[in-house]
Amino acid sequence: MIEVSHLSKKYGNFLAVHDVSFSVGSGEIVGFLGPNGAGKSTIMNIITGYLSLSEGEVKIDGFDITRDPEKAKKRIGYLPEIPPLYPDMKVKEYLNFLFDLKRVKMPRAAHIDEIMEITGLKTHQNRLIKNLSKGYRQRVGLGGALIGNPDVLILDEPTVGLDPKQIIEIRSLIKRLGENHTVIISSHILSEIQAVCEKVIIINGGHLVAKGNITELSESLSADKTVSLCAVCDKAALKTALENIPGAEKVEEKPEKTKGACRFVITPKSGEDIRSAVFDAVVSLGGKILELSANAVTLEQIFLLLTENAENADAISMLKTTNKKEDETDDGDI
Ligand code: ADP
Ligand code: MG
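The present account deals with the structure reproduced in this document. Numbers given to residues run from 1 along each chain, matching the order in which its sequence is written. The lettering of chains begins at A and the numbering of ligands begins at 1, in the order of writing. Where local features are concerned, this predicted model is filtered to residues with pLDDT of at least 70; where side-chain atom pairs are given and counted, the filter is 80 or more; whole-chain, interface and lining totals use all residues. Each side-chain value is derived from all of the structure's non-hydrogen atoms; neither hydrogens nor water enter the calculation.

**Description of helix α5 (residues 134-146)**
Which entries qualify depends on this criterion: The helix count covers DSSP runs of H or I at least four residues long, the strand count covers runs of E at least two residues long, and both are numbered beginning at the N terminus. An expected span of 1.5 Å times one less than the residue number is assigned to each helix. Using a 1.4 Å probe on the protein chains alone, a residue whose accessible area is under 20% of its type maximum counts as buried, one over 50% counts as exposed, and one in between counts as partly exposed. The contact criterion used is simple: two residues touch if any of their non-hydrogen atoms lie within 4.5 Å.
Spanning 13 residues, α5 covers 18 Å between terminal C-alpha atoms, matching the ideal 18 Å at 1.5 Å per step. α5 sits mainly inside the fold: 10 of its 13 residues count as buried. Residues of α5 that are buried include every one of Gly135, Gln138, Arg139, Val140, Gly141, Leu142, Gly143, Gly144, Ala145 and Leu146, and no others. For α5, the secondary structure elements touched by its buried residues are β6 (76-79), α3 (91-101), α4 (108-119), β7 (152-156) and α6 (164-177). At the exit of α5 stands Gly148, carrying a positive phi of roughly 90 degrees.

See below:
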């Protein structure tokens, strides 16, 4: 269980994270989604105790990362954006080194063996890290995060720089790890989050702009989705009939290639489902529907809406957006 409340982080005068609160329950896989510079790594570095916080509170299984860092950190396995590997060590040697570093009190050989099994490193255990491909190096980083069997895994952009085959392998490995760990994984790539996570936390300009179940998030916005209609019907009469639907906000005519047919896009009033009324309007005029579809909101649209278009974003009640200007002031904290 991870509880982050009212977390803020300043680098010098630059507010990189602003009043962010969320919690991640045991066994959940949560995606941290946001464009580059959003503040994902900063938040992850604070959760893992690598970076101090300016304001707020972070608790891991009830242990405060500031007041009880040792107990909190024991519960966390961290894969930073650039895993700090020792290139001149062999894979197994490195895992043993971390075992000592973390002062793990588990049966050594069995534990290291299990980690190499899970991460698919057995065949590479005696290879020098510097000679491994990026995908295998990422597995070594993940293996390192698993030493001591922590409940919580924090993975910062774990598939960046991998080729498509390696991406699929690492994703499925993360999914498997999610079966018995609480996982936070960050990415600026939507498909990545969709492939691995059920829940998402969207960060932009240091603000949390949305959080929730991916399906629920798109459904909550889909209540306002537009309806596309293509019908063989008297155009002017149909337009009037559509405009007279009580739940319709706006009716727009669109170009249509099919001979004798016309096309409209109808925007409903907030929260209204107008599909059956649209159907009835065509039928009452003796027309024939060729196509009737509701344009569902994809995570991609939500993401763009929330991170690129602040005006649209304001329309969505769950939002707190900002147009923060980036600034590079290093306070030497890391
Ligand atoms: P993300 O991981 O989402 O790409 P980061 O957390 O790395 O974002 O960065 C958030 C913002 O904070 C960026 O604007 C970045 O330039 C700034 N930043 C990160 N680290 C430092 C630092 N040590 N000193 C000053 N600014 C920083
Ligand atoms: Mg980052």
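**Regarding the pattern of salt bridges**
We apply this condition: Here, a salt bridge means any side-chain nitrogen of Lys or Arg that lies within 4 Å of a carboxyl oxygen of Asp or Glu.
Counted under the stated rule, the structure contains 19 salt bridges. The partner of Glu169 in a salt bridge is Arg139, with the nearest N and O atoms 2.8 Å apart. Pair noted here: Glu169 is in helix α6 and Arg139 is in helix α5, with a separation of 30 residues, a long-range link. Each of Glu57, Asp64 and Arg67 takes part in a single network of salt bridges with overlapping partners.

**Section: the packing of α5 against α6**
To keep it simple, the criterion reads: Under this scheme, a helix contributes an axis fitted over its contacting stretch, all axes are lines through C-alpha atoms, and angles between N-to-C directions fall in the 0 to 180 degree range. With respect to orientation, any angle under 35 degrees is reported as roughly parallel, any angle over 145 as roughly antiparallel, any angle of 65 to 115 as roughly perpendicular, and every other angle as oblique. Take the far helix as your reference; a near helix turned counterclockwise from it by less than a right angle gives a left-handed crossing, and one turned clockwise gives a right-handed crossing. Each residue is assigned to one of three groups, with Ala, Val, Leu, Ile, Met, Phe, Trp, Tyr, Cys and Pro labelled nonpolar, Asp, Glu, Lys and Arg labelled charged, and all others, Gly among them, labelled polar.
One can describe the packing of α5 onto α6 by two numbers: an axis separation of 10 Å at closest approach and a directional angle of 15 degrees. For the element pair α5 / α6, the angle class is roughly parallel. Our pair here, α5 against α6, has a crossing hand that is right-handed. Here Lys134, Gly135, Gln138, Arg139, Leu142 and Leu146 of α5 lie close against α6, whose contacting residues are Gln166, Glu169, Ile170, Leu173 and Leu177. The class makeup of the residues in the contact of α5 with α6 is five nonpolar, three polar and three charged.

**Description of the side chain of Glu157**
Structurally, Glu157 is set in the loop between β7 and α6. Exposure remark for Glu157: the relative accessible area of 4% places this residue in the buried category. Residues within four places of Glu157 in sequence aside, it is in contact with Asn36, Lys40, Glu81, Gln138, Ser186, Ser187 and His188.

**Things to note about the side chain of Lys9**
In plain terms, the rule: Contacts described as polar in this section are N or O atom pairs within 3.5 Å, which, within protein, must combine one atom able to donate a hydrogen with one able to accept it, while residues neighboring in sequence count only if both atoms come from side chains.
Summarising the element assignment, Lys9 is placed in strand β1 (residues 2-11). Relative accessible area serves as the criterion here: at 2%, Lys9 is assigned to the buried category. Of the polar contacts made by the side chain of Lys9, one reaches the backbone oxygen of Ser52; its length is 3.0 Å.

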